[in-house]
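Here is what each chain is made of, one letter per residue.
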Amino acid sequence: MNAKQDHPDKHPLAELDRLIHAPARLMVLTYLYVVESADYIFLMQLTGLTWGNISTHLSKLEDAGYVKIEKKFIEKKSHSMVHLTPKGRQAFMEYKTSMQQVLGELPD
Amino acid sequence: MSEKINLLDAERSAVRLSTQDGLWEILLGIILLSLGASNIVRDQWGFPWIYLPLVLVIITLVPGMRMVKKALTIPRIGLVQFNPQRKAKFKRVNTLLTSLVLFTFIVILLPKILNFGAGMPALPYWFIDALFGLLVVGFFTFLSFALETRRVFFYGLIFGASMPGDVIYKQEFGSTFPMFSIIAGFVILVSGIVVLVRFLRQFPIPETGERANER
């Protein structure tokens, strides 16, 4: 998002990455940020999302280059392991910094 | 969104989810029961057979638990690989635990084996077992910290107390029956079964689980 370059005075909320800002995707990215990789079922159980939901959100994140889905054989069984890409990790950190800045500036 | 994104809590949730199937406790409980059985075997058949129950448990149960984990746990909660920082934490705990075991061996057992300090006042009969008990409590405290599971600490307390407990019981009542090891093993085993049942109820196999992994 290049909003800041176009409008330097824009509020930080306007700069938030909307792909990450959706609660379901934010949850998925939060968990992927703290682990190396996880499969669909693990993410489903942690987030409480259904298979359909998680699949849709992961597809969007994969299209944006934020996550990578790889088929791995673990103990002779195929598992689709999802992990955060460096681009996704950076986008998540930027989002976190922006949110902390926005929330930190709010009066009590 | 009014809450901060707490990454540490997220990581703890992931660790807890991966270790709450109770299988680990069941294994520990059976190992403790087998240690108790070792004492009975020693009294009946003599020293070389003392390790038989423990060896049998390790040979059969450790691979058995892996199979059960594959059959029960993975289809329910899936798979996770932790990040290098968490792996480093596990490694630090392992190093610390190995150092503790080596320290105990060098400082406590080796002088005893080599009969150092002969002529010095004798230690109380429960001393060595109490030290081992403390070592066990220390081991489980670190494990509890690494697994983010508080109940592991209490298992350590029960396990650790059973060691001098058996020695004191033998000394005071003249019975070699490993009462405290058996009680400790039983308590941990039953706790593990309760945790497993709760886990199976809480995490049914997701309907789309297979498809999820066949994407």
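Everything below is about the structure shown above.
None of the values given here were measured: they were computed from a predicted structure.

(A) Seen up close, a nonpolar patch on the surface. Side chains of Trp45(B), Leu52(B) and Leu56(B) sit close together on the surface and give an oily, nonpolar patch of about 320 Å² of accessible area. Exposure remark for Leu52(B): the relative accessible area of 31% places this residue in the partly exposed category.

(B) Up close: the interface of chain B and chain A. Taken residue by residue, the interface counts 34 residues in chain B and 34 residues in chain A. Carbon and sulfur atoms supply 62% of the area buried between chain B and chain A, which totals about 3100 Å² over both sides. Applying the counting criterion to the chain B and chain A interface returns zero salt bridges. At the boundary of chain B and chain A, one finds five residue pairs in polar contact (both at pLDDT 80 or more). Secondary-structure elements contributing two or more residues to the side of chain B that touches chain A are helix 1 (7–18), helix 3 (52–77), strand 1 (80–82), helix 4 (84–113) and helix 8 (209–213) of chain B. Here the element with the most residues in the side of chain B that touches chain A is helix 1 of chain B; it accounts for seven residues. Two elements, strand 1 (residues 35–39) of chain A and strand 1 of chain B, share three bridges in a ladder whose sense is antiparallel. Within the sheet, the bridge partner assigned to Ala38(A) lies in strand 1 of chain B and is Val80(B).

(C) Focus on the side chain of Ser37(A). Note that Ser37(A) resides in strand 1. Given the relative accessible area of 3%, Ser37(A) is considered buried. Excluding anything up to four places from it in sequence, Ser37(A) contacts Met81(A), Val82(A), His83(A), Val80(B) and Gln81(B).

(D) Structural context of the packing of aromatic side chains. A complete count under the given rule lists eight aromatic pairs over all chains for this structure. Look at Tyr33(A) and Phe92(A): their rings are 4.9 Å apart centre to centre, the planes differ by 35°, and that puts the pair in the tilted class. With a gap of 59 residues between them, Tyr33(A) in helix 3 (residues 23–34) and Phe92(A) in helix 6 (residues 86–104) connect regions that are remote in the sequence. Accessibility assignment for this pair places Tyr33(A) and Phe92(A) in one class, buried. Their ring planes at 45° and their centres at 5.1 Å tell us that Tyr40(A) and Trp51(A) sit as a pair that is tilted. Taken together, the residues Tyr40(A) in helix 4 (residues 40–47) and Trp51(A) in helix 5 (residues 51–63) connect sequence positions eleven residues apart. Feature note: the residues Trp24(B), Phe140(B) and Phe159(B) constitute an aromatic cluster, connected by ring pairs. Taking NZ or CZ as reference, Arg89(A) lies 4.8 Å from the ring centre of Tyr33(A), over its face.

(E) How the structure looks around the packing of helix 3 of chain B against helix 7 (residues 179–202) of chain B. Residue and element names in this part refer to chain B. Packing of helix 3 against helix 7 leaves a shortest axis separation of 10 Å and a crossing angle of 40°. Between helix 3 and helix 7, the angle is such that the two are oblique. Judged by the twist between their axes, the crossing of helix 3 over helix 7 is left-handed. Residues Leu 72, Thr 73, Arg 76 and Ile 77 of helix 3 touch helix 7, and the partners they reach there are Leu 196, Phe 199 and Leu 200. Residues that form the contact of helix 3 with helix 7 fall into these classes: five nonpolar, one polar and one charged.

About the cut-offs
- Residues numbered from 1 in each chain as written.
- Chains lettered and ligands numbered in written order.
- Predicted model: local features only at pLDDT ≥ 70, side-chain atom pairs only at ≥ 80, totals over all residues.
- Heavy atoms only, no water.
- Patch = residues over 30% accessible without salt bridge, like charges linked within 9 Å, V, L, I, M, F, W, Y side chains within 5 Å.
- Areas by Shrake-Rupley, 256 points an atom, 1.4 Å probe, with all protein chains shown as cover.
- Salt bridge = Lys/Arg side-chain N within 4 Å of Asp/Glu carboxyl O.
- Buried < 20%, exposed > 50% of the residue type's maximum accessible area, 1.4 Å probe, protein only.
- Contact = heavy atoms within 4.5 Å.
- Buried area = accessible area lost by both parts, 1.4 Å probe.
- Polar contact = N/O pair within 3.5 Å; in protein donor to acceptor, adjacent residues only side chain to side chain.
- Helix = DSSP H or I, 4+ residues; strand = E, 2+ residues; numbered from the N terminus.
- Pairing = 2+ DSSP bridges.
- Phe/Tyr/Trp six-rings, centres within 6.5 Å; stacked < 30°, edge-to-face > 60°.
- Lys NZ or Arg CZ within 6 Å of the ring centre and 35° of its normal.
- Axes fitted to C-alpha atoms, helices over the stretch in contact; angles between N-to-C directions.
- Parallel < 35°, antiparallel > 145°, perpendicular 65-115°, else oblique.
- Left-handed = near helix turned anticlockwise from the far one by under 90°.
- Nonpolar A, V, L, I, M, F, W, Y, C, P; charged D, E, K, R; others polar.

So, to be careful, I would describe these as geometric facts and stop short of saying anything about function.
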